[in-house]
Amino acid sequence: MASMESEHPRQPNPEPASARETHGFQAEVRELLKLMIHSLYSHREIFLRELISNASDACDRLRFAAIAHSALLADDPELGIRIDADPAAGTLTITDNGIGMTREEAVANLGTIARSGTAEFFRSLSGDEQKASQLIGQFGVGFYSAFIVAERVEVRSRKAGTPAEAGVRWESGADGEFTVETVSQAARGTSVTLHLKADAREFADPMRVRGLIRRYSDHIGFAVRMPKEGEAREAASARAGTRGPEARPGTDMSGEASLEYEVVNQAKALWTLPRTQISDEEYRQFYQYLAHDFTDPLAWSHNKVEGKREYTSLLYLPARAPFDLWQREGARGVKLYVRRVFIMDDAEQFLPQYLRFVKGVVDSSDLPLNVSREILQQDPEVEAIRSGLTKRVLDLLARLAKDEPDKYATFWKEFGAVLKEGIAQDQANQGSILPLLRFASTYNTDNTPSVGLADYLARLKPGQERIYYVIGESLEAARGSPAIERLRERGLEVLLLGERIDEWVMGQLQSYEGKRFKDASRGDLELGGLVNEADRKEHDAQLKESKGLLKRIKDALGERVVEVRVSERLKESPACLVLGEHDLGERLRRILAAAGQKTPEVRPVLEVNVGHPLVSYLDGVTDSEQFTELAQLLYDQASLAEGATLANAPQYVQRLNRLLVRLAAPPRAAS
């Protein structure tokens, strides 16, 4: 739950001030609270970042709403955040004068988690506290992070544009329930008061809080104020109990002179500053604030475009994938600002889907302030910015791959499968994406995807005109594919692919640097200059000697195969199935079938290794029934090697058993 406050103002129907109700938390909230309390001890200070982030969002949303309803800001136009730390009382209060909440919104926003994929998130959690805390960081801990350090949390709020008697008070001790009541509140906005646990009293120390603000929230776009350091702590404690969300710097609820407040953060959006004025540590801190992540980003790109169009972008590459990366409804896109005014979170129109892992901010000087998602989908200005940002991200990835290969290996492990989607989705940038791809390969003994296409071309054999690859159910299956046995014997490198997306992606590729891609399990191998005259003579001789056997196998298999031929692929296996160049592979057929789509029937070619002992044995079988059974067994084994599911597995087992019995039987004594 990244933000606890709603975006658009609406008139409430306030209940009587005495209407106090008790509600139970949503089951997911209870689970999240338990994890907060027990799994995030080592990261507990991030609660302040999350609550300040919420307060900043509330101010952003009010500023946006005031574009259409200027009266919302009339009584208090200076948006900001105030923090009061009271060591004596053991409390910490974060107050904003942003959009605020109605009673109904407080119940909905503070009692449930509406984020898509919540169930999947909790299924991914385990008993490992270290891993659990990282997953929570990916999820975004939001308002509930308060319970990391607080035994009780009180929220007072009033929605902008509503009367004073429409305020709401929300309170919970993280015991599975919360209470809510309608109260009178003079000023709009929200105040969150944390009654700190005994072992968290350090967060009531103003100096400690100031340090955390500078570390985690220095570059949010609103001023974060605290009482001046020179004021006596006793005065702060005396007045902290009387100030509520309606108090502003300069006065307290009684109208008496209050503490003097000073700004403790830079209060200037990081992306608006020149790059020369920003340290790497500040960039990292801003990413953690922006992405609600504990870890540092892998890299970032900060650019200002001027001329025909003007916009500033600050884009980050995360170090790990979020739990909802593959969920269609997951959060996507960047934060959009127009002339420093926050417009929307997750503006997915500014980057293509295959770059959905990128976090960042875009601030345009040309878009209208009243822009909507519908307008963004049609605005040519947005398309121009999208094109520029896409190129910016791909250039950033190229630099990372060249200059910091270890970091790029981390990126590929987390996001490589997503980046592959760009091969099919973005033809215009396919040439930039291709060098970024990484593969496992027969050149290496392990299955780490570390081979780029430039590496492959550097190792081409003399006369080699194709980039060979093979797709399997897994990388292990691809490495063991019968279809590449002869290629490996010749010392030809083969790229190994084993992800669900690979067949679809590779079907979109034609060539790289003038060398065509070639699936080793389809059609002719197109060895070209790699085959010498001796190879051709040997193949012709095998074909001439085996014509009768090939015809017998074809007759035995009937319509299951389109042809039976002598193999140029096999070295150790007796047979393999070869698809046509444009036939759907078994894996893609299963995916389409699972989606309810009909797929055309595929009849493969059966290639046999006529030098294999099993094929030689088959050639010597004269009994037609036994021959047919063995030919079918050979076909089934070739299907299994390709990852196919047998239509009649018990029948295959029976055939295999009968063969084993015959082969194991002692020879009959001569009469």
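Keep in mind that this is a model prediction, so the values were computed, not measured.

Turning to the confidence of the model for the protein chain, a few remarks are in order. Looking at the protein chain as a whole, the pLDDT averages 84, with 87% of positions reaching at least 70. The lowest-confidence element of the protein chain is helix H5 (residues 129-139), averaging 49 in pLDDT; the highest-confidence one is strand S3 (residues 91-96), averaging 97. This stretch, residues 1-18, has a pLDDT under 50; its non-local contacts, to residues over four places away or in other chains, come to 69 contacts. Here residues 239-257 scores under 50 on pLDDT; set against residues more than four positions off or in separate chains, the count is 50 contacts.

Topologically, Arg655 is positioned in helix H21 (residues 649-664). A distance of 2.8 Å separates a polar atom in the side chain of Arg655 from a polar atom in the side chain of Gln632. Among all residues touching Arg655, those that are not within four sequence positions of it are Glu629, Gln632, Leu633 and Asp636.

Turning to empty space enclosed by the protein, a few remarks are in order. With the rule as written, the count across this model stands at four cavities of 30 Å³ or more. By volume, the largest cavity amounts to about 80 Å³. Lining the largest cavity are Leu614, Tyr617, Leu618, Leu630, Leu633, Leu634, Gln637 and Leu659. Every element with two or more residues in the lining of the largest cavity is listed here: helix H19 (613-619) and helix H20 (624-641). No other element matches H20, which puts four residues into the lining of the largest cavity. Grouping the constituent residues of the lining of the largest cavity by class yields seven nonpolar, one polar and no charged.

Quick look at the packing of aromatic side chains now. In this structure the tally under the stated criterion is 17 aromatic pairs. Measuring from ring centre to ring centre gives 6.0 Å for Trp271 and Phe286, while their planes differ by 55°; the resulting arrangement is tilted. Note that Trp271 is positioned in the loop between strand S9 (261-263) and helix H8 (280-291) and Phe286 in helix H8, a separation of 15 residues in sequence. Here Phe286 falls in the buried class, since its relative accessible area comes to 4%. Between Phe411 and Phe415 the ring centres are 5.7 Å apart and the planes differ by 35°, which places this aromatic pair in the tilted class. Here the residue Phe411 and the residue Phe415 both occupy positions in helix H11 (residues 405-425), the gap between them amounting to four residues, near one helical turn. As far as burial versus exposure is concerned, Phe411 and Phe415 are alike and both buried. Taken together through their ring pairs, the aromatic side chains of Phe25, Phe143, Tyr144, Phe147, Trp170 and Phe178 make up a single cluster.

Per the stated rule, a full pass over the model turns up 50 salt bridges. Here Glu281 and Arg284 are joined by a salt bridge, their closest N and O atoms 3.6 Å apart. Of this pair, Glu281 and Arg284 both sit in helix H8, three residues apart, which is roughly one turn of that helix. When its relative accessible area of 25% is taken as the criterion, Arg284 is described as partly exposed. Residues Lys420 and Glu499 are paired through a salt bridge, measuring 2.8 Å at the closest nitrogen-oxygen approach. Remark: Glu499 occurs in the loop between strand S17 (495-497) and helix H16 (502-506) and Lys420 occurs in helix H11; sequence separation between them is 79 residues. Judged by its relative accessible area of 34%, Glu499 falls in the partly exposed class. Overlapping salt bridges, with partners in common, bring together Arg20, Arg152, Glu154, Arg169, Glu171 and Glu181 in one network.

Position of Gly480 relative to the elements: it lies in the loop between helix H14 (475-479) and helix H15 (485-489). Counting along the chain gives 38 residues from Gly480 to Thr442, while the straight-line C-alpha distance between them is 10.0 Å.

The subject of this paragraph is the sheet that holds S17. Sheet architecture is open: five strands sit in the order S15-S17-S16-S19-S18, paired in mixed fashion. Among the strands making up the open sheet, the edge pair consists of strand S15 (440-441) and strand S18 (511-512). Summarising the sheet, S18 and strand S19 (residues 515-519) pair through two bridges and their orientation is antiparallel. What sits directly across from Ser511, in S19, is Arg516.

Next up on the list: the sheet that holds strand S22 (residues 605-608). Reading across from one edge, S20-S22-S21 is the order of the three strands in this open sheet, with mixed pairing throughout. Whereas interior strands pair on both sides, the edge strands pair on one side only; in this sheet they are strand S20 (563-566) and strand S21 (575-578). Ignoring strand direction, the axes of neighbouring strands in this sheet form an average angle of 25°. Along the sheet, helix H17 (residues 533-557) makes contact with S20 and S22, crossing S20 at roughly 155°. H20 rests against S21 and S22 of the sheet, and its axis sits at about 65° to S21.

The buried fraction of strand S6 (residues 177-183) is high, at six of seven residues. Pairing of strand S1 (residues 20-24) with S6, which is carried by five bridges, proceeds in the antiparallel orientation. The residue bridging His23 from the neighbouring strand is Phe178, located in S6. In sequence, strand S5 (residues 167-172) turns back onto S6 through a hairpin of four residues, with Ala174 there showing a positive phi of about 60°.

Turning next to the packing of H20 against H21. Where H20 contacts H21, the two axes come as close as 10 Å, and the packing angle between them is 120°. Here H21 runs oblique to H20, going by the angle between their axes. Along this stretch, H20 crosses H21, giving a crossing that reads as left-handed. Residues Gln626, Glu629, Leu630, Gln632, Leu633, Asp636, Gln637 and Leu640 of H20 pack against Tyr652, Arg655, Leu656, Arg658, Leu659 and Arg662 of H21.

Looking now at the layout of surface pockets. Within this model, the second largest pocket holds a volume of roughly 870 Å³. For the lining of the second largest pocket, the secondary-structure elements that each account for two or more residues are strand S16 (466-471), H14, helix H18 (586-594), H20 and H21. If you tally residues by element for the lining of the second largest pocket, the top one is H20, at four residues. Looking at side-chain class alone, the lining of the second largest pocket contains 14 nonpolar, nine polar and 14 charged residues.

Before going further, it helps to examine the environment of Tyr443. Within the secondary structure, Tyr443 is located in the loop between S15 and helix H13 (453-458). Separated by 48 residues in the primary sequence, Tyr443 and Gly491 place their C-alpha atoms 8.9 Å from one another. The residues touching Tyr443, leaving out its near neighbours within four places in the chain, are Arg459 and Glu493.

Calculation criteria
- Every chain's residues receive numbers from 1 upward, in the order its sequence appears when written.
- Side-chain atom pairs in this predicted model are given and counted only at pLDDT of 80 or more, local residue features only at pLDDT of at least 70, and totals for whole chains, interfaces and linings cover all residues.
- With hydrogens and water excluded, all non-hydrogen atoms of the structure serve as input to the side-chain values.
- Values of pLDDT, ranging from 0 to 100, describe the predictor's confidence in every residue of the model.
- The numbering of helices and of strands both runs from the N terminus, where a helix is a DSSP run of H or I of at least 4 residues and a strand a run of E of at least 2.
- Pairs of residues are marked as contacts when any of their non-hydrogen atoms sit within 4.5 Å.
- Under the rule applied, a polar contact is a pair of N or O atoms within 3.5 Å (in protein, one hydrogen donor and one hydrogen acceptor; residues adjacent in sequence only if both atoms are side-chain atoms).
- The rule is simple: put a 1 Å grid over the protein atoms alone, call a set of points where a 1.4 Å probe fits but cannot get out a cavity, call an open set with protein on both sides within 12 Å along at least five of seven lines a pocket, and count a residue as lining if it has an atom within 4 Å of a point.
- Grid points are joined across faces, edges and corners, and a volume is the space filled by probe spheres set on the points.
- Just so you know the grouping, Ala, Val, Leu, Ile, Met, Phe, Trp, Tyr, Cys and Pro go in nonpolar, Asp, Glu, Lys and Arg go in charged, and all remaining residues, Gly too, go in polar.
- A pair of aromatic rings is counted whenever rings of Phe, Tyr or Trp (Trp by its six-membered ring) have centres within 6.5 Å, and the orientation is called stacked for planes under 30 degrees apart, edge-to-face for over 60 and tilted otherwise.
- We call a residue buried when its accessible area falls under 20% of the maximum for its residue type, exposed when it is over 50%, and partly exposed in between, using a 1.4 Å probe and counting protein chains only.
- The salt bridge definition used is simple: a Lys or Arg side-chain nitrogen within 4 Å of an Asp or Glu carboxyl oxygen.
- Strand pairing is assigned whenever DSSP identifies at least 2 bridges connecting the two strands.
- Lines fitted to C-alpha atoms define the axes here, with helix axes fitted over just the stretch in contact, and angles between the N-to-C directions of these axes take values from 0 to 180 degrees.
- Orientation categories follow fixed angle ranges, with anything under 35 degrees roughly parallel, anything over 145 roughly antiparallel, 65 to 115 roughly perpendicular, and all other angles oblique.
- Put simply, a crossing is left-handed when the front helix is turned counterclockwise from the back one by less than a right angle, and right-handed when it is turned clockwise.

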